[in-house]
Amino acid sequence: MGADHNRPAPPTPPRVRRVLVATVVPLFVLTVIAAVVLWPRGGGPEVDGGSPVPRYHGTVTRVVTEECPPQPETPEDGGPGVADGPCGTVTVRVEQGPDAGQQVETPIPTGPGAPTVAVDDRIVLVKLTDPADPAASAYNIAEHQRGAPLIWLAVVFALAIVAFGRWRGVAALAGLAATFAILLTFVLPGIGAGGSPLPIAVVGSALIMFVVLYLTHGVTAQTSVAVLGTLGSLVLTGLLGTLATAATHLTGYGSEDATTLSMFRGDVDLHGLLLAGIIIGSLGVLDDVTVTQAATVTELAHANPGLSRLQLYRAATRVGRAHIASTVNTIVLAYAGASLPLLLLLTADSRPVTEILTSEFLAQEIVRSAVATLGLIAAVPLTTGLAAVVTAAGRTAAGHAAEGHTAASRPGPADGGDVPAARTPGGGRRTADRNLALEALGGGRAAEGFPDDHAPTHPPAGRPHREGGTDTAW
C-alpha cells in the first residue's frame, strides 16, 4: 500500500525548534531595544525654507498659441532674436482656493521640463505674489495632477499581486506597507533629526526584515533560517561598505542631491548616509536570495530524504550560483538605470577614462554595486549552510521517531501486513523517476550513497506529498 500523500509536513522537532527560538528571539529583542534607543525624539533642527507657494488644482479649458515676440538685442547675438516657444495663454478653471470656480489666464509653460498642456488636462497652479505689491498676484502652471493615474496604477498593482499570490500576495502587500511605515517613521526621521545614518539603517533594515519575512512567509523554520542568513549578510555588507568607503576616501558628496541636502541640512552625515543607502538597497535583493536558498534546501530534503548535510549544501549551492550570476547583472543594471543621466554626462566628458572612473561621483556607484554584490555572494553559503544543518537535524529527529513507531506497530508479510514497497506494482517506475530527478540535481550523477539498484523506493513516514507545501511549521 502506498504512502499517504495527503498528510501535512511534520512539525519541527522540539530540539530544533528550541535552538531556533533561542537564536532568533534574542536578536529580535535586541533589534527592538536598539530601535527604541535610536527612535527620533523631537523634530530636529528647524530648516528655514521660506513660506510655501500656494498650490491649487485646476482644469485647462482653452489653449491659445501665438507667435513669440522678438527679444531685445544682445551683445552675443549681434541682433534681435525670438524667444523660445511656445508662446500664448492658457485658460484654466480653478477648482480650489479663493478663486475656485473662476476662469484665469496663465502663460503657456516654457523652459526645460515644462509641462505640455491641452484642453481638459488637470493641472496644478501656483499663485505668485509681487513682493513690491502684495495685492498683485498671478497664476502659473506648475505640473500635471498625477494623483488619479497613480491611484489606478497602485490598484492594478495590488490586484495583480493578490490574483497571482492569493493570501500570500495579501501578506506581501502588508509587508510592503510595513516597509514604508518603518522607513517613514523611523529611518528617515532618525537621520533627519541628526542621528548616525549607519546604525539607524542597520536597525531599520533588521526591523523590516523581521516583519516582512515572517509576515510574508509565515513563522516557520525555513523563514527563520532566511532571517538569520539575511541578518548576517546585512552586518557583513555594512562592514564591507565601511571598509570600502574608507579605502576609497568617499565623502558622500558625489551627487547633486547630496550637495543640495548639505545646503539645507548641514548636520546630516553624508558619508554615513551613503553607507545607509548601500545597506537599505541591498536588503531587497538579500531577502530574495536567502528565502530562495532556504526553500531550495527544504525542497531537496523532501525530494530525497537520504541526502546528507554536505550533499544538501552542495546541491543547493549550485542553485545559488545560478541565482547570483543573474542577480549581479540585475544590481548593476538597477544602479545604471537610476544613474542614467550621470552616465550620459560621461560621454560628453573630455577627461581620460581613468580619471572619470576614479572621480567621486562614479567611484561611489562602483563601490555601491561591488559591496552589494559581495554581500549577496556571502548570503548564499551562509544561508545554505544554516538551512542544511536545520533541515538535516529536523529530518533525523523525525525519522528516528517514525522508525520506532513503525517497528513497533507495523505487521510483517506473514501477518498479513503490507508488501515491501520495492515489490509493489509501480515501485520500479517510482525508483526510475526518483533516480532521474536525483541525476538532474546531482549534475548528471546518481544520488550519492544510493546506487541505482539500492535506491529507496518507499518514502519514510512523515514525508509530505510532493505537490504540497514544504514549509516546516514551528
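Everything quoted here is computed from the prediction, not taken from an experiment. (Residues numbered from 1 in each chain as written. Predicted model: local features only at pLDDT ≥ 70, side-chain atom pairs only at ≥ 80, totals over all residues. Heavy atoms only, no water.)

**Q** Help me understand the packing of helix α1 (residues 14–38) against helix α5 (residues 221–247), please; the structure alone is not making it clear to me.
**A** The angle between the axes and the distance between the axes are what describe a pair of packed helices. Relative orientation of the contacting elements α1 and α5 amounts to 50°, with a least axis distance of 11 Å. In this view, α1 runs oblique relative to α5, as classed from their interaxial angle. Considering only the axes of α1 and α5, their crossing is left-handed. Across the interface between the two elements, Leu20, Thr23, Val24 and Leu27 from α1 touch Ala221, Ser224, Leu228 and Leu231 from α5. The residue inventory of the contact of α1 with α5, partitioned by class, reads six nonpolar, two polar and no charged. (Axes fitted to C-alpha atoms, helices over the stretch in contact; angles between N-to-C directions. Helix = DSSP H or I, 4+ residues; strand = E, 2+ residues; numbered from the N terminus. Parallel < 35°, antiparallel > 145°, perpendicular 65-115°, else oblique. Left-handed = near helix turned anticlockwise from the far one by under 90°. Contact = heavy atoms within 4.5 Å. Nonpolar A, V, L, I, M, F, W, Y, C, P; charged D, E, K, R; others polar.)

**Q** Looking at this structure, how should I read the packing of aromatic side chains?
**A** Counting across every chain of the model gives two aromatic pairs. With a centroid separation of 5.3 Å and 25° between ring planes, the pair formed by Trp39 and Phe186 is classed as stacked. Placement of Trp39 in the loop between α1 and β1 (55–66) and of Phe186 in helix α3 (residues 167–192) is noted, with a sequence separation of 147 residues between them. (Phe/Tyr/Trp six-rings, centres within 6.5 Å; stacked < 30°, edge-to-face > 60°.)

**Q** I would appreciate a short explanation of the pattern of salt bridges in the present structure.
**A** Any two side chains of opposite charge can pair if their charged atoms end up close together. This model, assessed by the stated rule, comprises five salt bridges. Notably, a salt bridge pairs Arg146 with Glu143, separated by 2.8 Å at the nearest N-O pair. Taking relative accessible area as the criterion, Glu143 reaches 27% and is therefore assigned partly exposed. The residue Arg368 makes a salt bridge to Glu365 at a minimum N-O spacing of 3.6 Å. Taken as a pair, Arg368 and Glu365 lie in helix α11 (residues 360–409) at a separation of three residues, close to a single helical turn. The same class applies to Arg368 and to Glu365, which are both buried. (Salt bridge = Lys/Arg side-chain N within 4 Å of Asp/Glu carboxyl O. Buried < 20%, exposed > 50% of the residue type's maximum accessible area, 1.4 Å probe, protein only.)

**Q** Got a minute to help me understand the state of the cysteines in this structure?
**A** What makes a disulfide is a covalent bond joining the sulfur atoms belonging to two cysteines. In total, this model carries one disulfide according to the counting rule given. Bridging Cys68 to Cys87, the disulfide has an S-S length of 2.0 Å. Its torsion about the S-S bond being 105°, the disulfide of Cys68 and Cys87 is classed as right-handed. Separated by 19 residues along the polypeptide, Cys68 in the loop between β1 and β2 (70–71) and Cys87 in strand β4 (residues 87–94) bring together distant segments of the chain. Grouping residues by exposure puts Cys68 and Cys87 together as buried. (Disulfide = S-S within 2.5 Å.)

**Q** Mind showing me how you'd approach the side chain of Thr220 here?
**A** Here Thr220 shows up in the loop between α4 (197–217) and α5. The buried category is assigned to Thr220, whose relative accessible area is 8%. Here the side chain of Thr220 touches Thr223 through a polar contact of 2.9 Å, side chain to side chain. (Polar contact = N/O pair within 3.5 Å; in protein donor to acceptor, adjacent residues only side chain to side chain.)

**Q** What is the right way to read a positive patch on the surface from this model?
**A** Taken together, the side chains of Arg15, Arg17, Arg18 and Arg309 present a region of like positive charge at the surface. Here the positive patch gets three residues from one element, more than from any other, and that element is α1. Take Arg17: it is sitting in helix α1. A relative accessible area of 30% places Arg17 in the partly exposed class. (Patch = residues over 30% accessible without salt bridge, like charges linked within 9 Å, V, L, I, M, F, W, Y side chains within 5 Å. Areas by Shrake-Rupley, 256 points an atom, 1.4 Å probe, with all protein chains shown as cover. Lys, Arg positive; Asp, Glu negative; His and termini not counted. Charge placed at Lys NZ, Arg CZ, Asp CG, Glu CD.)

**Q** How do you make sense of a nonpolar patch on the surface when you look at a structure like this?
**A** Residues Val21, Val25, Phe28, Val29, Leu30, Val32, Ile33, Val36 and Val37 make up a contiguous nonpolar surface patch of roughly 730 Å² in combined accessible area. Within the fold, Val25 resides in helix α1. Classification of Val25 by relative accessible area gives partly exposed; the value is 40%.

**Q** Help me out: how do you make sense of the sheet that holds strand β5 (residues 103–107) in this one?
**A** Hydrogen bonds between backbone atoms are what pair the strands of a sheet, whose relative direction is either parallel or antiparallel. Spatially, β5-β4-β1-β6-β7 is the arrangement adopted by the five strands of the open sheet, whose pairing is antiparallel. Pairing within the sheet leaves two strands with one partner each, and these edge strands are β5 and β7 (137–144). Ignoring strand direction, the axes of neighbouring strands in this sheet form an average angle of 45°. Taken together, the five bridges between β1 and strand β6 (residues 122–129) define a ladder with antiparallel strand orientation. Bridge assignment links Arg55 to a residue of β6, and that residue is Val126. (Pairing = 2+ DSSP bridges.)

**Q** Explain the packing of helix α8 (residues 309–338) against helix α9 (residues 340–347) here, please?
**A** Two numbers describe how α8 lies on α9: the axes approach to 4 Å, and their chain directions differ by 75°. In this view, α8 runs roughly perpendicular relative to α9, as classed from their interaxial angle. Along its contact with α8, which presents Ala336, Gly337 and Ala338, the element α9 presents Leu340, Pro341 and Leu343. Residues that form the contact of α8 with α9 fall into these classes: five nonpolar, one polar and no charged.

**Q** Teacher, can you tell me more about the confidence of the model for the protein here?
**A** Do not read the fine detail of predicted coordinates wherever pLDDT is low. For the protein, per-residue confidence averages 77 on the pLDDT scale, and 75% of positions sit at 70 or higher. Across the protein, the element-wise mean pLDDT spans from 50 in strand β3 (residues 81–82) up to 93 in helix α2 (residues 147–165). Note that pLDDT drops below 50 for residues 401–427; the model gives that stretch 16 contacts with residues more than four away or on any other chain. Confidence drops under pLDDT 50 across residues 443–474; counting only partners more than four residues distant or on other chains, this segment forms 75 contacts. (pLDDT = per-residue confidence, 0-100.)

**Q** Please explain unusual backbone geometry as it appears in this structure.
**A** Of all residues except glycine, most have a negative phi; of all peptide bonds, most are trans. Of note, Asp120 is a non-glycine position whose phi angle comes to about 80°, a positive value. Backbone geometry at Arg166 places phi at a positive 55°, although glycine is not the residue there. Position of Arg166 relative to the elements: it lies in the loop between α2 and α3.

**Q** I keep staring at the side chain of Thr373 and nothing clicks. Help me out?
**A** Note on placement: Thr373 falls in helix α11. By relative accessible area, which is 13% here, Thr373 ends up buried. From its side chain, Thr373 meets the backbone oxygen of Ser369 in a polar contact 2.8 Å long. Residues within four places of Thr373 in sequence aside, it is in contact with Val328 and Ile331.

**Q** What exactly am I supposed to notice about the pairing of β4 here?
**A** When a strand is regular, its side chains alternate between the sheet's two faces. Most of β4 is tucked away: six of the eight residues are buried. Here β1 pairs with β4 via eight bridges, running antiparallel. Residue pairing across strands places Arg62 opposite Thr91, the latter belonging to β4.

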